[in-house]
Amino acid sequence: MTDVVPQFRKATESADIDALMETLAPDAELASPISGRLVFRGQDDLRILLTAVYRGISAMQWTDQIGDGAHRVLLGEASIGPFRMTEAMVIELDKDGRIRKLNPHIRPWLALTFLAVRLGPRLIRHPGVMRRAAGARPHTP
């Protein structure tokens, strides 16, 4: 089993969306840190979301990693507009070693709000993505 977490780190730091997508399982999902209710699922919807996110932030740098095996936590920093933000990304790998779940935790509130404002116009162009995310619920093991 290949460890895709280093590839995920590198891809997100450089906003290489193709390399990022290679780390994800076909049924990968991301629970929105903004709404708490939106769950983005599947390669197509995640490509749209993650492109908007990682091309909308700058100076992304993962500073630490906690855990091994199927559960990891990455700690990082980035900028969104004039704000610095910190992130804890909880990652769950599937049995093949690809990323099955992403659960980002972003602070401070002002940076998260600015991120939401930036993402809104980019995601509104894809109403199907938003509709599916609003109707989805996280899978439970």
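Refer to the preceding data block for the structure.
Residues numbered from 1 in each chain as written. Predicted model: local features only at pLDDT ≥ 70, side-chain atom pairs only at ≥ 80, totals over all residues. Heavy atoms only, no water.

A.B. asks: Quick question: what am I supposed to make of the overall build of the protein here?
C.D. replies: Along the backbone of the protein there are five helices and six strands. Secondary structure of the protein in N-to-C order comes out as α-α-β-β-α-β-β-β-β-α-α. Whereas a compact globule of 141 residues would reach a radius of gyration of roughly 14 Å, the protein reaches 14 Å, a difference of no more than 12%. By principal-axis analysis of the C-alpha atoms, the protein measures approximately 40 × 35 × 25 Å. Counting the 141 residues in the protein, one finds 43% classified as buried. The long-range fraction of contacts in the protein, counting pairs at least 24 apart against all pairs at least 6 apart in sequence, stands at 52%. Of the roughly 7,500 Å² that the protein leaves accessible, carbon and sulfur atoms contribute 56%. (Helix = DSSP H or I, 4+ residues; strand = E, 2+ residues; numbered from the N terminus. Rg over C-alpha atoms; globule rule 2.2 N^0.38 Å. Buried < 20%, exposed > 50% of the residue type's maximum accessible area, 1.4 Å probe, protein only. Contact = heavy atoms within 4.5 Å. Areas by Shrake-Rupley, 256 points an atom, 1.4 Å probe, with all protein chains shown as cover.)

A.B. asks: Got a minute to help me understand unusual backbone geometry in this structure?
C.D. replies: In terms of backbone geometry, most residues other than glycine have negative phi values and most peptide bonds are trans. With omega at 0 degrees, the peptide bond leading from Arg107 into Pro108 counts as cis. Here Pro108 lies in the loop between strand 6 (99-107) and helix 4 (109-124). The backbone of Ala15 sits at a positive phi, close to 55 degrees, despite the residue not being glycine. Mapped onto the elements of the fold, Ala15 is located in the loop between helix 1 (5-14) and helix 2 (17-22). One non-glycine residue, Ala59, lies in positive phi territory at about 55 degrees. For Ala59, a relative accessible area of 54% puts it in the exposed group.

A.B. asks: What should I look at first to understand the sheet that holds strand 1 (residues 24-31) in this one?
C.D. replies: Strand pairing in a sheet takes place through backbone hydrogen bonds and is either antiparallel or parallel in direction. Ordered by their spatial adjacency, six strands build an open sheet running 2-1-6-5-4-3, and the pairing between neighbours is mixed. Strands at the two margins of the open sheet, each flanked by one partner only, are strand 2 (39-41) and strand 3 (58-66). Averaged over all adjacent pairs, the angle separating strand axes in this sheet is 20 degrees, with direction ignored. Along the sheet, helix 1 makes contact with strand 3, strand 4 (71-80), strand 5 (83-93) and strand 6, crossing strand 3 at roughly 160 degrees. (Pairing = 2+ DSSP bridges. Axes fitted to C-alpha atoms, helices over the stretch in contact; angles between N-to-C directions.)

A.B. asks: For this particular structure, what's the right way to read the environment of Met21?
C.D. replies: Within the element layout of this structure, Met21 appears in helix 2. On the basis of relative accessible area, Met21 is assigned to the buried category, the value being 3%. Sequence spacing of Met21 and Ala59 is 38 residues, and the spatial spacing of their C-alpha atoms is 20 Å. With near-sequence residues (within four places) excluded, Met21 lies in contact with Gln43, Leu46, Arg47, Leu50 and Arg98.

A.B. asks: Even after reading the chapter, I still don't get the packing of helix 3 (residues 43-54) against helix 4, so can you show me in this structure?
C.D. replies: In a pair of packed helices, the angle between the axes and the distance between the axes together describe the arrangement. Viewed as axis vectors pointing N to C, helix 3 and helix 4 meet at an angle of 145 degrees, and their least axial separation amounts to 10 Å. For the pair helix 3 and helix 4, the crossing hand works out as right-handed. Residue-level contacts link Ile48, Leu49, Ala52 and Val53 of helix 3 to Leu119, Arg122 and Leu123 of helix 4. Looking at the contact of helix 3 with helix 4 residue by residue, the classes come out as six nonpolar, no polar and one charged. (Left-handed = near helix turned anticlockwise from the far one by under 90°. Nonpolar A, V, L, I, M, F, W, Y, C, P; charged D, E, K, R; others polar.)

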